[in-house]
Amino acid sequence: MSNLDECILVVEDDAQIRNFICYSLQSDGFKCITAKNAQGALNALVSEQIDIMLLDLGLPDFDGIDVIKKVREWSEIPIIVVSARDQDKEKANALDIGADDYLTKPFSATELLARIRVALRHLYKQGGNRQQTNAKIGGLKIDYEKHLVYLDDKEIHMTPMEYILLSLLFKNAGKVLTTSYIIREIWGVGYGNDTQALRALMAGLRRKIEKEPAKPRYIMTEIGVGYRLMNE
Amino acid sequence: MMYLKDNRIVSIISNFLKMASLLFLATVTGYIFKMIEFPETTIVLAYLLGVLITARFSKGYLYGVLASVLSIFVYNFFFTEPYYTLAVNDPSYFVTFTVMMITSLLTSTLTSHAKKSATVAQEKESETKALYMLTNHLTDASNMQDIAVTATNIISAVINCNAACLCFDENEIPEKTFVQQISSEKQISRETKNTEEIKHKTEVSQKGYYIDAEFYNWLIYGRDSILGIIRIPSDSAVTMTESKTRLLCAMIESTALAMDRLLSAQQRIKYQEETVQERYRGNLLRAISHDLRTPLSGIMGTSEMIIDMSNQSDPRYDLAKQIHEDADWLHSLVENILSLTRLQDGKLTLNKQFEAVEEVVGGAVSHITQRSPEYEITIKIPNELLLVPMDAKLIEQVLINLLDNAIKHTLPGNEISVTVVHDQDTNCAVFSVADRGEGILAEDLPNIFKMFYTTRAKHADAQHGIGLGLPICDAIVKAHGGTISAQNRKDGLGAEFIFTLPMEVKSK
């Protein structure tokens, strides 16, 4: 698959980082458009054919959160948020209002490209709208039709809740899911924001699929944000 | 003392003379009455009047009583038959004498008593006035010197002497000079001699005052220390009546109150200034750190790209790698400074939630293994799920800092472990990060959590820290209501850091 068709919008006010991101993307074969601020980003989104937006949260003119809100009014384009380390709250907030993923500064080119690939994969899946019957990551396999989970070809017994959680993660493999999003998906909107039940559910699930729950191979914890199912 | 005696004799003589002349006057009036043949009772009344006036204008009960007794004899002597003797012909005169005696005794004591009460009331009033004046003036004082000047002035006026006031500084050391009143208008500043001796004497004094060559010194007791002394010249001090002494003590008390109030106001202003300064410094640090962080991300990314582009045999590979490592180190330093400014601001609001220990430990360990993949970190946690109330992001930072430390002091391949147990007795989660490094020097142990403390033990090419990592851990754990400690391992080489977190959310 050639990357040349994909165009990525990089919104970042620092020239150094912009250059570094663009260079990394271009050397991997992506097309790259840059914007220095929120206004430039919005202009570019209207005038160019853009597949993924990489958005720094600390922009000089607008708050990154407002940019996401504005974009989400008319576009479903994948947005990857770039933030500093002390912006956890904003990060989780950005994800909840529609960003697809995030990167914490400083990040490496490898991390950046991995995130972009995950976003692209979800973009195509959405576009194709094709129903998968099963999925496999490493030794972990899920069968959507039979509601079964296999680890190294051995069937694993799951409670209904654990299965719902795992299938939710599988459908968003590689993407970070915020705790509030997961809670909403599993228990419904009225449940509130009590993370304790989710932590317990996750602990049970991990004990079934991970050899060492504190050194997970499949489900990673993004502290302060949520969970991510590794897909590579 | 001579002065005192003279004074008393003068007063006795004057009172005596008053009494004698009044009796004489009464006798003269008696004669006049007798000559114009007024009844005898008028003469008795003249004597009674004399006794009354004596009681009114002399001091104490003595002269009134004496005048009563004497007037009987004088009356007997001059106006009863046989005249000019103390003998009496008519026994009915004894009734007259007795009635006269009782009446004059009663009136004289009543008069003396009324007079005494009036004097006491007057004294009380002047005391209250003096105290009021003192407190009133002291409220206007804006510094210790002002208070000393005002107190000296008013106390001198009330006690009628040349009083002085010596202030102590915040360490209870007497100031170098003290003020003394030398006339009703003028005060001078005198040098304090024997500062050491004064300090010593105030410390051992138990009665609230002590005596030296020139002064009687009353101590001014503040809320928690001695604030100064009021010095009354010895000659005035010995003649002070009890009520004056009481008044002086009351005035010293007001002075102490005023001084205390001033000191606490000053303290408050000082604290306020310090807080403002602290906040200013924190803001500055944070601004700098923020601005450092962005270019550092750029440097790290760019140097990483150069690493990717160059061959491992290329010298540029190593150079870029060095740049990347240094930038990484600088970046974690900046992050630490940021955390610290936030912690010290007191604005740190813990976002406490029940978190699974395995997730937090796992997060910290995976962070470290990404940076230093050559290290193997063992994790020992209970099999059952342990949910502990904490701010996960901050506790992760604690674990990362501790693991960072462990890696700095341990060679790859040696054991580094994170252990968590649930201590049922104290209902705490006990976290331990242990390594197999060279351990902690005994002299470092007590200081290891102090800010900017760095060890003197240096091994070759060790990257030096600036002593922020552990103080941050300390601050975070304490903010959670836990404890943190460091020790050397008992089963061989290596250091161990242990911190606890309470399992219950304490309701405040």
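Residues numbered from 1 in each chain as written. Chains lettered and ligands numbered in written order. Predicted model: local features only at pLDDT ≥ 70, side-chain atom pairs only at ≥ 80, totals over all residues.

Asker: Go over unusual backbone geometry with me, naming the residues and quoting the values.
Answerer: With omega at -5 degrees, the peptide bond leading from A:Lys105 into A:Pro106 counts as cis. Position of A:Pro106 relative to the elements: it lies in the loop between strand E5 (101–104) and helix H5 (109–128). Even without being glycine, B:Asn194 reaches a positive phi, approximately 55 degrees. Locating B:Asn194 in the fold gives a position in the loop between strand E3 (187–191) and helix H6 (195–204). (Helix = DSSP H or I, 4+ residues; strand = E, 2+ residues; numbered from the N terminus.)

Asker: Run through the sheet that holds strand E11 (residues 219–222) of chain A, naming residues and quoting values.
Answerer: Residues and elements named next belong to chain A. What the 3 strands build is an open sheet, ordered E10-E12-E11; its pairing is antiparallel. Looking along the sheet, the strands with just one partner apiece sit at the ends: strand E10 (176–178) and E11. Geometrically, the sheet is characterised by an average inter-axis angle of 30 degrees between neighbouring strands, direction not taken into account. Pairing of E11 with strand E12 (residues 226–229), which is carried by 4 bridges, proceeds in the antiparallel orientation. Within E12, the residue paired with Glu222 across the bridge is Gly226. (Pairing = 2+ DSSP bridges. Axes fitted to C-alpha atoms, helices over the stretch in contact; angles between N-to-C directions.)

Asker: Break down the packing of helix H5 (residues 144–159) of chain B against helix H8 (residues 242–309) of chain B for me, with residues and values.
Answerer: Residue and element names in this part refer to chain B. One can describe the packing of H5 onto H8 by two numbers: an axis separation of 11 Å at closest approach and a directional angle of 170 degrees. By the criterion of interaxial angle, the relationship of H5 to H8 is roughly antiparallel. Crossing hand, H5 versus H8: right-handed. Across from Met144, Ile147, Ala151, Ile155, Val158 and Ile159 in H5, the residues of H8 making contact are Lys244, Leu247, Leu248, Met251, Thr255, Ala258, Met259 and Leu262. Its residues placed into classes, the contact of H5 with H8 shows 12 nonpolar, 1 polar and 1 charged. (Parallel < 35°, antiparallel > 145°, perpendicular 65-115°, else oblique. Left-handed = near helix turned anticlockwise from the far one by under 90°. Contact = placed C-beta atoms within 7 Å. Nonpolar A, V, L, I, M, F, W, Y, C, P; charged D, E, K, R; others polar.)

Asker: An account of the packing of helix H3 (residues 62–79) of chain B against helix H4 (residues 92–140) of chain B is needed here, citing residue identities and associated values.
Answerer: Residues and elements named next belong to chain B. Relative to each other, H3 and H4 sit at 155 degrees, their axes nearing to 8 Å. One finds that H3 runs roughly antiparallel with respect to H4. Between H3 and H4 the crossing geometry is right-handed. Counted together, Gly64, Val65, Ala67, Ser68, Ser71, Ile72 and Asn76 of H3 and Phe97, Met100, Met101, Ser104, Leu105, Ser108, Thr109, Thr111 and Ser112 of H4 form the full contact between these two elements.

Asker: Describe the interface of chain B and chain A, naming the residues involved and giving the relevant values.
Answerer: Taken together, the contact between chain B and chain A spans 33 residues of the former and 27 residues of the latter. Breaking the side of chain B that touches chain A down by element, the ones donating at least two residues are H8, helix H9 (315–344), strand E7 (353–356), helix H10 (357–371) and helix H11 (392–409) of chain B. In terms of residue count, H8(B) provides more of the side of chain B that touches chain A than any other element does, 12 residues in total.

Asker: How would you explain the sheet that holds strand E12 (residues 484–488) of chain B if you had to name every residue and give the values?
Answerer: All names here are of chain B. With mixed pairing, the 5 strands of this open sheet are ordered in space as E8-E10-E11-E13-E12. The outermost strands of the open sheet, each flanked by one partner alone, are strand E8 (377–380) and E12. Adjacent strand axes in the sheet meet at a mean angle of 15 degrees, parallel and antiparallel pairs treated alike. Pairing between E8 and strand E10 (residues 416–423): 4 bridges, direction parallel. Residue pairing in the sheet places Lys380 in a bridge with Thr419 of E10. In this fold H10 packs onto E8, E10 and strand E11 (428–435), with an angle of close to 180 degrees to the strand it touches most, E8. Its contacts with the sheet put H11 on E8, E10, E11 and strand E13 (495–502), and the angle it makes with E11 is roughly 20 degrees.

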